[in-house]
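Geometric and topological summary
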Amino acid sequence: MEILYVNSKEEGSQKGYEMIREALDNGAKVFGLATGSTPERLYEKLTESDVDFSDAISVNLDEYVGLPGTHEQSYRYFMEQKLFNQKPFKESHLPDGMNEEQAEIERYEAVLSKYPVDIQILGIGHNGHIAFNEPGTALDSHTHKVALTQSTINANKRFFEKESDVPGYAYTMGLASIMKAKKILLLAFGEDKAEAIKDLVTATEPTEDIPSTVLVNHPDVTIIVDQAAASLIK
Ligand SMILES: N[C@@H]1[C@@H](O)[C@H](O)[C@@H](COP(=O)(O)O)O[C@@H]1O
């Protein structure tokens, strides 16, 4: 696990941008994408550049259950606004929050088998969740439906008018699905991520209590942290 210390979100987003470009230049075809505030600046940098994803495929980590892709808080809508409208991919895949559970799990697993991820961008939740894999998720999990924890609902309610509007469930790639990516790039910015980063980088083996620790066994993980997120490990 390589840790890249940067001074700011801006510098970290620039580094992330460079790594994505490098992957593309080196022939990466499938990009695993994440939502949330963490990769926003990185996506902005991609949209401002001359990068061309028209031969590439994107697959996203997760989606809220019950929100159609046209809903402003859906992750599909987020990706369209932040990246896809400006930089279209040949195909962009996200879980479909409106599809029935079993059908959606099967459909998305087929997508992931068809398109193995070359480079996966990840953020991290306060409780160490990655994608929507909450503490207690099996380390060998694949795409599944998850009940969001109160901690995650609290963190995400800022995007909704009121807390009761936050969906209680999501479809998410599992921890084993994420581990299949050839390369993983986890970004964390801000003091509120310091605890989660400490839990991750001090872990010696994976534990279900802290989903991010599954990454300890991945051969190619880079973590980009700003000073605030690194404040408990430096
Ligand atoms: N499902 C997403 C995660 O993929 C994301 O990493 C996390 C952190 O979000 P933020 O980057 O806004 O802190 O939030 C959500 O729960």
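Note that the coordinates shown come from a computational prediction; the quantities given were computed from them, not determined experimentally. (Residues numbered from 1 in each chain as written. Predicted model: local features only at pLDDT ≥ 70, side-chain atom pairs only at ≥ 80, totals over all residues. Heavy atoms only, no water.)

**Some thoughts on the overall build of the chain**
- Secondary structure summary: the chain contains 7 helices and 10 strands in total.
- Against the 2.2 N^0.38 benchmark of 17 Å for 234 residues, the chain shows a C-alpha radius of gyration of 16 Å, consistent with a compact globule.
- In terms of overall dimensions, the chain has C-alpha extents of about 45 × 40 × 35 Å along its principal axes.
- Of all intrachain contacts in the chain linking residues separated by at least 6 positions in sequence, the fraction that spans at least 24 positions is 79%.
- Between the centroid of the 22 positive side chains of the chain and the centroid of its 38 negative side chains there is a distance of 4 Å. (Helix = DSSP H or I, 4+ residues; strand = E, 2+ residues; numbered from the N terminus. Rg over C-alpha atoms; globule rule 2.2 N^0.38 Å. Contact = heavy atoms within 4.5 Å. Lys, Arg positive; Asp, Glu negative; His and termini not counted. Charge placed at Lys NZ, Arg CZ, Asp CG, Glu CD.)

**Section: the sheet that holds strand β8 (residues 169–172)**
- Taken together, the 3 strands give an open sheet; going across it, the order is β4-β8-β7, and neighbouring strands pair in antiparallel fashion. In this open sheet, the two edge strands, each paired with only one partner strand, are β4 (62–64) and β7 (144–147). In this sheet, adjacent strand axes meet at a mean angle of 25° when their direction is disregarded.
- The sheet contact formed by β4 and β8 spans 3 bridges and is antiparallel. (Pairing = 2+ DSSP bridges. Axes fitted to C-alpha atoms, helices over the stretch in contact; angles between N-to-C directions.)

**Considerations on the packing of helix α2 (residues 40–48) against helix α3 (residues 75–84)**
- Here α2 crosses α3 at 45°, and the two axes come no closer than 9 Å. In this view, α2 runs oblique relative to α3, as classed from their interaxial angle. Here Glu40, Tyr43, Leu46 and Thr47 of α2 come into contact with α3, specifically with Phe78, Met79, Lys82 and Leu83. (Parallel < 35°, antiparallel > 145°, perpendicular 65-115°, else oblique.)

**Side note on the nonpolar core**
- Core analysis: the largest hydrophobic core is formed by 68 residues, its most contacted members being Phe31, Leu33, Tyr43, Leu46, Phe53, Ile130 and Leu186.
- Not counting the four nearest positions on each side in its chain, Phe31 is found in contact with Ile20, Ala23, Leu24, Phe53, Ala56, Ile57, Ser58, Val59, Phe89 and Ile119. (Core = buried A, V, L, I, M, F, W, Y, C linked by side-chain atoms within 4.5 Å. Buried < 20%, exposed > 50% of the residue type's maximum accessible area, 1.4 Å probe, protein only.)

**Description of the pattern of salt bridges**
- Tallying each qualifying case throughout the model produces 12 salt bridges.
- Residues Glu40 and Lys82 are paired through a salt bridge, measuring 2.7 Å at the closest nitrogen-oxygen approach. Within this pair, whereas Glu40 is found in helix α2, its partner Lys82 is found in helix α3, the two being separated by 42 residues in sequence.
- A salt bridge links Glu44 to Arg41; its shortest N-O distance comes to 2.4 Å. A residue pair is termed a helical-turn pair when its members lie 3 or 4 positions apart in one helix, as Glu44 and Arg41 do in helix α2 at 3 residues.
- Classification of Glu44 by relative accessible area gives partly exposed; the value is 40%.
- Here the residues in one salt-bridge network are Glu10, Arg41, Glu44, Lys45 and Glu48, joined through shared partners. (Salt bridge = Lys/Arg side-chain N within 4 Å of Asp/Glu carboxyl O.)

**Let's talk about the pairing of strand β6 (residues 119–122)**
- Going residue by residue along β6, you find Ile119 and Ile121 tucked away on one face and Gln120 and Leu122 tucked away on the opposite face as well.
- Pairing of strand β2 (residues 30–33) with β6, which is carried by 2 bridges, proceeds in the parallel orientation. The partner of Phe31 across the bridge, within β6, is Ile119.
- Pairing of β6 with strand β9 (residues 183–188), which is carried by 4 bridges, proceeds in the parallel orientation. Of the residues in β9, the one forming a bridge with Gln120 is Ile184.

**Observations concerning the packing of aromatic side chains**
- Applying the stated criterion across every chain yields a total of 8 aromatic pairs.
- Ring centres 5.6 Å apart and planes at 45° place the aromatic pair Tyr64 and Phe132 in the tilted group. Taken together, the residues span a long stretch of sequence, with Tyr64 in strand β4 and Phe132 in the loop between β6 and β7 at a distance of 68 residues.
- Of the residues examined, Tyr64 reaches a relative accessible area of 1% and is grouped as buried.
- Residue classification places Phe132 among the buried positions, given a relative accessible area of 2%.
- Among the aromatic residues, ring-to-ring pairing joins Phe31, Phe53, Phe84 and Phe89 into one connected group.
- Stacked on the ring of Tyr169, the Lys or Arg Lys145 has its end atom at 4.9 Å from the ring centre.
- If you follow Lys234 out to its NZ or CZ, it ends over the ring of Tyr5, 4.4 Å from the centre. (Phe/Tyr/Trp six-rings, centres within 6.5 Å; stacked < 30°, edge-to-face > 60°. Lys NZ or Arg CZ within 6 Å of the ring centre and 35° of its normal.)

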